[in-house]
Amino acid sequence: VNLQLSAISVYKMIISEDSNFVLTGWKDYKASDTIILSVGDGIKTIYIKYSDTAGNTTPIIFNRIYLDQTPIKTSKVAINNDSSYTNSTIVNIKLDSPDALYMKYSLTDSSLTTPNWEDFKTSQYINITDSNAGQKIIYAKFKDRAGNLSDLNTSAIILDLDTPVVTRIMINND
């Protein structure tokens, strides 16, 4: 974790997740530093003390951060409620990802490098710009507050714009 620090008349500092600073040594003061947090998701407390050149120390100062390294596990995208076919170039996509705050999706770019992240929505209508008949695939990814990403999610639908052709109607075997 990157730390931005501010202190006046400081010579040394000590930083730890342990308020007793066990296994931690004093080091020269810097306005920015890093600390490797302990393993496991949850609230982490970072403790800091400063010292001047005469050896006077500040009281312990602390701040907390929530560590979330768990990837988004459940996410799903569906086109027109998982229908197999559509006869319209405007379709409804339903997005489900309980932890997501952001999303990106594309009908053309499976790597999702082009679209920007946008606020998560559970549903929206999109226009299939490639109006050629055939299978259309939507690719989607989701991101939580900590920046953890979901796996790539896909959903497919067949765009069928051909109307049926009647070739013959028989009445009484005529």
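Residues numbered from 1 in each chain as written. Predicted model: local features only at pLDDT ≥ 70, side-chain atom pairs only at ≥ 80, totals over all residues. Heavy atoms only, no water.

Let's talk about the overall build of the chain
Under the convention used in this document: Only DSSP runs of H or I covering at least 4 residues are called helices, and only runs of E covering at least 2 are called strands; the numbering of each starts at the N terminus. Between the two quantities, the radius of gyration covers C-alpha atoms and the globule rule is 2.2 Å times the number of residues to the power 0.38. Any residue under 20% of the maximum accessible area for its type is buried, any over 50% is exposed, and the rest in between are partly exposed; the area is computed with a 1.4 Å probe on protein chains only. The contact rule is simple, with two residues in contact once any of their heavy atoms fall within 4.5 Å. Here the open area of atoms and residues is found with the Shrake-Rupley method and a 1.4 Å probe, where only the protein chains shown may cover a residue. In this tally, Lys and Arg are treated as positive and Asp and Glu as negative; His is ignored, and so are the chain termini. Every charge is mapped onto a representative atom, which is NZ of Lys, CZ of Arg, CG of Asp or CD of Glu.
The secondary structure content of the chain amounts to zero helices and 14 strands. Going residue by residue from the N terminus, the α and β elements of the chain occur as β-β-β-β-β-β-β-β-β-β-β-β-β-β. Here the chain has a C-alpha radius of gyration of 28 Å; the compact-globule value for 174 residues is 16 Å, and the former is much larger. Projected onto its principal axes, the C-alpha coordinates of the chain cover approximately 110 × 25 × 20 Å. For the chain, the proportion of its 174 residues judged to be buried stands at 30%. Here the contacts in the chain between residues at least 6 apart in sequence split such that 54% fall between residues at least 24 apart. Counting only carbon and sulfur atoms, one obtains 49% of the accessible surface of the chain, whose full area is about 11600 Å². Put simply, the chain has 16 plus and 19 minus side-chain charges, and the middle of one group is 5 Å from the middle of the other.

Some remarks on the sheet that holds strand β9 (residues 90-96)
What counts here: Strands were regarded as paired on the criterion that DSSP finds at least two bridges between them. For helices, the axis comes from a line fit to the C-alpha atoms of the stretch in contact; other axes are also lines fit to C-alpha atoms, and the angle between any two N-to-C directions lies between 0 and 180 degrees.
Strand order in the open sheet formed by three strands is β7-β9-β12, and the pairing between neighbours is antiparallel. A single partner strand is all that each edge strand has here, and the edge strands are β7 (76-79) and β12 (123-127). Shown here is a sheet whose adjacent strand axes are inclined to one another by a mean of 30 degrees, direction ignored. In the sheet, β7 pairs with β9 via four bridges, with the strands oriented antiparallel.

Overview of the environment of R145
Within the secondary structure, R145 is located in the loop between β13 (134-143) and β14 (153-159). Spatially, the C-alpha atom of R145 lies 8.1 Å from that of D99, the residues being 46 residues apart in sequence.

Regarding the packing of aromatic side chains
Using the following cut-off: Pairing of aromatic rings covers Phe, Tyr and the six-membered ring of Trp, with a centre-to-centre limit of 6.5 Å; geometry is then stacked below 30 degrees between planes, edge-to-face above 60, and tilted otherwise. Geometrically, a lysine NZ or arginine CZ counts as sitting over a ring once it is within 6 Å of the ring centre and also within 35 degrees of the ring normal.
A complete count under the given rule lists three aromatic pairs for this structure. Ring geometry for Y47 versus F62: centroids 6.1 Å apart, planes at 45 degrees, classification tilted. Of this pair, Y47 sits in strand β5 (residues 42-51) while F62 is found in strand β6 (residues 61-67), placing the two residues 15 residues apart along the sequence. Here Y47 falls in the buried class, since its relative accessible area comes to 16%. Seen from their ring centres, F120 and F142 are 5.8 Å apart, and the 70 degrees between their planes marks the pair as edge-to-face. Note that F120 is positioned in the loop between β11 (118-119) and β12 and F142 in strand β13, a separation of 22 residues in sequence. Residue classification places F120 among the partly exposed residues on the basis of a relative accessible area of 22%. F142 gets classed as buried once you look at its relative accessible area, which sits at 0%. Lying across the ring of Y102, K143 places its NZ or CZ 5.8 Å from the centre.

Quick look at unusual backbone geometry
Trans is the common state for peptide bonds, and a negative phi is the common state for residues other than glycine. We note that S9 has phi near 60 degrees; this positive angle belongs to a residue other than glycine. Checked against the element boundaries, S9 lands in the loop between β1 (2-4) and β2 (12-16). Residue N81 is not a glycine yet carries a positive backbone phi of 55 degrees. On the secondary structure map, N81 appears in the loop between β7 and β8 (85-86). The exposure class assigned to N81 is exposed, which follows from its relative accessible area of 59%.

Brief notes about a nonpolar patch on the surface
Note the cut-off: The patches described consist of residues with a relative accessible area above 30% and no salt bridge, like charges being joined within 9 Å and nonpolar side chains (Val, Leu, Ile, Met, Phe, Trp, Tyr) within 5 Å. We define a salt bridge as a side-chain nitrogen of Lys or Arg found within 4 Å of a carboxyl oxygen belonging to Asp or Glu.
Among the surface-exposed residues, V166, I169 and I171 lie close enough to one another that they form a single nonpolar patch of about 370 Å² accessible area. Along the chain, I169 turns up in the segment after β14.

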